[in-house]
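A structural walkthrough
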Amino acid sequence: MEWQEVRGNWLCIPPRPLGWIHFLGGAFVAAAPQLTYRRLLEHLAEAGYGIIATPFVNSFDHGAIALDALNKLDYALDWLVYRRGYSPALPLYGLGHSMGCKLHLLINSLYDGDRAGNMFMAFNNYAAGQSIPWMENLAPVGVEFSPSPGETEQLIQERYPVRRNLLIRFQEDDIDQTARLRSLLRAKFGDMVTALQLPGNHLTPLSQGLKWQVGAEFSPLDAVGQWLQQSLFPEMQVLEACLLEWLNPLGTARRCRP
């Protein structure tokens, strides 16, 4: 898959996209998502979804980061429609990891709720002191993220409009707060919210893994390569399958096994 930089975003576009996925990563790995999340995003692109990955640099003003990410997304969508000729009717999904989940929630609650659905992996909404234990060395005591955790929850309760949501918690993740988000969203949208617990940890979406390219004729070496790919990175394969099954619940392949 080939990546191209367009107006502050990194795009990976299959020949005939089924829809667009806007991706926002975790706080300290989001500056180059086309590299840090390459395997996951390229797998989604190979399945037919165009990827718009927006880099960002963390700061205390999460509302400003969310607005900047939305502006860059809008630039990319305009470019895709008016310069590349893609249909403006293609569905748009959000996909976030860790802090990226909070940013998607803020984008939809504060600025733009026009999404076909959102996918949240390893959501957390900690206060600044819990997210950055060494923050006292960088900022005055009492500095907090904006919006704060409590303000973020209130925004979700009052203004978050996206009805279809997928929430993924990893079994070995000690900083996950998906249970709280599940409670907030199910109070609003009921069974439209799907919550899964998958094998892995907070860093599972960053796994790069092994991509084995089968030759023109399937050989014993190809069999070994595919076996290594499946046995060395099973957690990533489960995650990829669950994301795709949620995106296309009527698809024939059902490989998501939480």
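You'll find the structure just up there.
Description of the structure in this document. Numbering of residues starts from 1 in each chain and follows the order in which that chain's sequence is written. For a predicted model such as this one, the threshold for reporting local features is a pLDDT of at least 70, and the threshold for listing and counting side-chain atom pairs is 80 or more; totals across whole chains, interfaces and linings nevertheless cover every residue. Note that water and hydrogens are dropped before the side-chain values are worked out from all heavy atoms of the structure.

Moving on, we get to the environment of Ser 207. With respect to the helices and strands, Ser 207 occurs in the loop between strand 8 (193–198) and helix 8 (220–232). Residue exposure (1.4 Å probe, protein chains only): buried if accessible area is under 20% of the type maximum, exposed if over 50%, otherwise partly exposed. Of the residues examined, Ser 207 reaches a relative accessible area of 26% and is grouped as partly exposed. Along the primary structure Ser 207 and Met 236 are separated by 29 residues, whereas in three dimensions their C-alpha atoms are 6.9 Å apart. In protein, a polar contact means a hydrogen-donor-capable atom and an acceptor-capable atom, both N or O and within 3.5 Å, with residues adjacent in sequence counting only if both atoms are side-chain atoms; elsewhere, any N or O pair within 3.5 Å suffices. Reaching out from Ser 207, the side chain makes a polar contact with the backbone oxygen of Thr 204 at a distance of 3.0 Å. Secondary structure is summarised from DSSP: a helix means a run of H or I of at least four residues, a strand means a run of E of at least two, and numbering begins at the N terminus for each.

All right, on to the packing of helix 3 (residues 62–83) against helix 4 (residues 99–111) then. Fitting a line to C-alpha atoms yields each axis, with helices limited to the stretch in contact; the angle taken between N-to-C directions then spans 0 to 180 degrees. Packing of helix 3 against helix 4 brings their axes to within 9 Å, and their N-to-C directions diverge by 75°. Regarding the angle of helix 3 to helix 4, the classification is roughly perpendicular. Listed contacts from helix 4 to His 62, Gly 63, Ile 65, Ala 66, Leu 67, Ala 69 and Leu 70 of helix 3 are Met 99, Lys 102, Leu 103, Leu 106, Ile 107 and Tyr 111. Think of it as three bins: nonpolar holds Ala, Val, Leu, Ile, Met, Phe, Trp, Tyr, Cys and Pro, charged holds Asp, Glu, Lys and Arg, and polar takes everything else, Gly as well. Each residue belonging to the contact of helix 3 with helix 4 can be placed in one class, and the counts come to 10 nonpolar, two polar and one charged. With respect to orientation, any angle under 35 degrees is reported as roughly parallel, any angle over 145 as roughly antiparallel, any angle of 65 to 115 as roughly perpendicular, and every other angle as oblique. What makes two residues a contact is simply this: any of their non-hydrogen atoms within 4.5 Å.

Over its 13 residues, helix 4 runs 18 Å from end to end, which matches the ideal 18 Å to within 8%, given 1.5 Å per residue. Summarising burial for helix 4: 11 of the 13 residues are buried, a large majority. Buried residues of helix 4: Met 99, Gly 100, Cys 101, Lys 102, Leu 103, His 104, Leu 105, Leu 106, Ile 107, Asn 108 and Ser 109, and no others. Residues of helix 4 that are buried in the fold lie against strand 3 (19–24), helix 3, strand 5 (92–97), strand 6 (117–121), helix 6 (149–159) and helix 7 (178–189). A helix's residues, less one, multiplied by 1.5 Å, set its expected span.

This next bit is on unusual backbone geometry. Pro 147 follows Ser 146 through a cis peptide bond whose omega is -5°. Residue placement: Pro 147 occurs in the loop between helix 5 (128–131) and helix 6. Of note in this structure, Ser 98 is not a glycine but carries a positive phi near 60°. Checked against the element boundaries, Ser 98 lands in the loop between strand 5 and helix 4.

Time to look at the pairing of strand 1 (residues 3–6). Two strands pair when backbone bridges link them, and strand 1 and strand 2 (residues 9–12) are joined in this way by four bridges, in the antiparallel orientation. Bridge pairing in strand 2 places Glu 5 opposite Trp 10. Here, a strand pair is defined by DSSP locating no fewer than two bridges between the strands. Count of turn residues in the strand 1/strand 2 antiparallel hairpin: two residues, of which Arg 7 carries a positive phi of about 50°.

With that out of the way, let us pick up the pattern of salt bridges. Every case where a carboxyl oxygen of Asp or Glu lies within 4 Å of a side-chain nitrogen of Lys or Arg is listed as a salt bridge. Evaluation of the coordinates by the stated rule reveals six salt bridges. Lys 72 is the partner of Asp 68 in a salt bridge, and the nearest nitrogen-oxygen pair spans 3.2 Å. Placement of both Asp 68 and Lys 72 in helix 3 is noted, with a separation of four residues, approximately one turn of the helix. Here Asp 68 falls in the partly exposed class, since its relative accessible area comes to 35%. For Arg 169, the salt bridge goes to Asp 176, with nearest N and O atoms at 3.7 Å. Taking the relative accessible area as the measure of exposure, Arg 169 reaches 25% and is therefore partly exposed.

Burial in helix 6 covers these residues: Pro 149, Thr 152, Leu 155 and Ile 156. Projected onto a plane normal to the axis of helix 6, the buried residues spread over an arc of 120° and lie on a single side. Where helix 6 is buried, its residues meet helix 4 and helix 7. Of all possible arcs, the one meant is that of the directions from the helix axis to the C-beta atoms.

With that settled, consider the pairing of strand 6. Extensive coverage of strand 6 is indicated by the burial of five of its five residues. Going residue by residue along strand 6, you find Gly 117, Met 119 and Met 121 tucked away on one face and Asn 118 and Phe 120 tucked away on the opposite face as well. Examined bridge by bridge, strand 5 and strand 6 share five bridges and lie parallel to one another. If you follow Gly 94 over to strand 6, its bridge partner there is Asn 118. Looking down the strands as they point away from you, a crossover is right-handed if its path from the first strand over the helix to the second goes clockwise. For the handedness criterion, the β-α-β arrangement of strand 5, helix 4 and strand 6 is classed as right-handed. Pairing geometry for strand 6 and strand 7 (residues 165–170), over four bridges, is parallel. Pairing of Met 119 across the sheet is with Leu 166, part of strand 7.

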